[in-house]
Amino acid sequence: MADAKVHEPARDPQDLERFLIERQWAGDIEGMMALFASDAVIDTGAGPPIRGHDAIRARFAAFAAEGRKFAKGKQSPAVINGDLALTSTHLPDGSITAEVARRQPDGTWLWVIDRYSVT
């Protein structure tokens, strides 16, 4: 049996966006999932929020099946307050993402809320 791939954790909330793009473009859905807390929620702006790893994994798998790729944008500096961080990226289409990350007990960061567009 093959060993599960080990994914580099986000040691800074600024790492999350870069890792997400790299892993999605590589087709690494489990690597994408490694960036989200088990209780994470995603608001795509289309329909009800997507809650939890199973639903998020299904969404990412659907993107992969459709050949969709997230666009690289200009990331704003994270705003950190204790164990929470707000991350945001300005995308080429003019939309802006907003995410909330939570510091884990080991010092790494995971997203707990992801909103695809706040504009």
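Our structure's up above, just so we're on the same page.
Nothing here was measured: the structure is a model prediction, and the numbers come from that model.

1. Remarks on the overall build of the chain
1) Next: Secondary structure assignment for the chain yields three helices and six strands.
2) Next: Secondary structure of the chain in N-to-C order comes out as α-α-β-β-α-β-β-β-β.
3) Next: Its C-alpha atoms give the chain a radius of gyration of 14 Å, near enough to 14 Å, the size a compact globule of 119 residues would have.
4) Next: If you line up the chain on its principal axes, its C-alpha atoms span 40 × 35 × 25 Å.
5) Next: Sequence separation of 24 or more characterises 42% of the internal contacts of the chain that already satisfy a separation of 6 or more.
6) Next: Carbon and sulfur atoms form 56% of the exposed surface of the chain, whose accessible area is close to 6900 Å².
7) Next: A distance of 3 Å separates the average location of the 14 positive side-chain charges in the chain from that of its 17 negative side-chain charges.

2. Thoughts on the pairing of strand 4 (residues 84–90)
1) Next: The sheet contact formed by strand 3 (residues 74–81) and strand 4 spans six bridges and is antiparallel. Within strand 4, the position partnered with Ile80 by the bridge is Ala85.
2) Next: The hairpin formed by strand 3 and strand 4 contains two residues between the paired strands, and Gly82 there has a positive phi angle of roughly 65°.
3) Next: Pairing geometry for strand 4 and strand 5 (residues 96–103), over seven bridges, is antiparallel.

3. Comments concerning the nonpolar core
1) Next: Judged by nonpolar contacts, the single largest core of 22 residues is most densely connected at Leu16, Leu20, Phe36, Ile42, Ile56, Phe60 and Phe70.
2) Next: Taken together, the elements giving at least two residues each to this core come down to helix 1 (15–25), helix 2 (29–33), strand 1 (36–43), helix 3 (52–66) and strand 6 (109–115).
3) Next: No other element matches helix 1, which puts four residues into this core.
4) Next: Those residues in contact with Phe70, other than ones at most four positions away along the chain, are Leu20, Ile21, Gln24, Trp25, Met32, Phe60, Phe63 and Tyr116.

4. What to know about the layout of surface pockets
1) Next: By volume, the largest pocket amounts to about 340 Å³.
2) Next: Lining the largest pocket we find 17 residues, and of these Phe70, Ala71, Leu91, Thr97 and Tyr116 sit closest to its centre.
3) Next: Those elements that provide at least two residues to the lining of the largest pocket are helix 1, helix 3 and strand 5.
4) Next: Sort the elements by how many residues they give to the lining of the largest pocket and helix 1 lands first, with three residues.
5) Next: Considering only residue class, the lining of the largest pocket consists of seven nonpolar, three polar and seven charged.

Reading guide: rules and limits
- Residues numbered from 1 in each chain as written.
- Predicted model: local features only at pLDDT ≥ 70, side-chain atom pairs only at ≥ 80, totals over all residues.
- Heavy atoms only, no water.
- Helix = DSSP H or I, 4+ residues; strand = E, 2+ residues; numbered from the N terminus.
- Rg over C-alpha atoms; globule rule 2.2 N^0.38 Å.
- Contact = heavy atoms within 4.5 Å.
- Areas by Shrake-Rupley, 256 points an atom, 1.4 Å probe, with all protein chains shown as cover.
- Lys, Arg positive; Asp, Glu negative; His and termini not counted.
- Charge placed at Lys NZ, Arg CZ, Asp CG, Glu CD.
- Pairing = 2+ DSSP bridges.
- Core = buried A, V, L, I, M, F, W, Y, C linked by side-chain atoms within 4.5 Å.
- Buried < 20%, exposed > 50% of the residue type's maximum accessible area, 1.4 Å probe, protein only.
- 1 Å grid on protein atoms, 1.4 Å probe; cavity = no way out; pocket = protein on both sides within 12 Å on 5 of 7 lines; lining within 4 Å.
- Points joined across faces, edges and corners; volume = space filled by probe spheres on them.
- Nonpolar A, V, L, I, M, F, W, Y, C, P; charged D, E, K, R; others polar.

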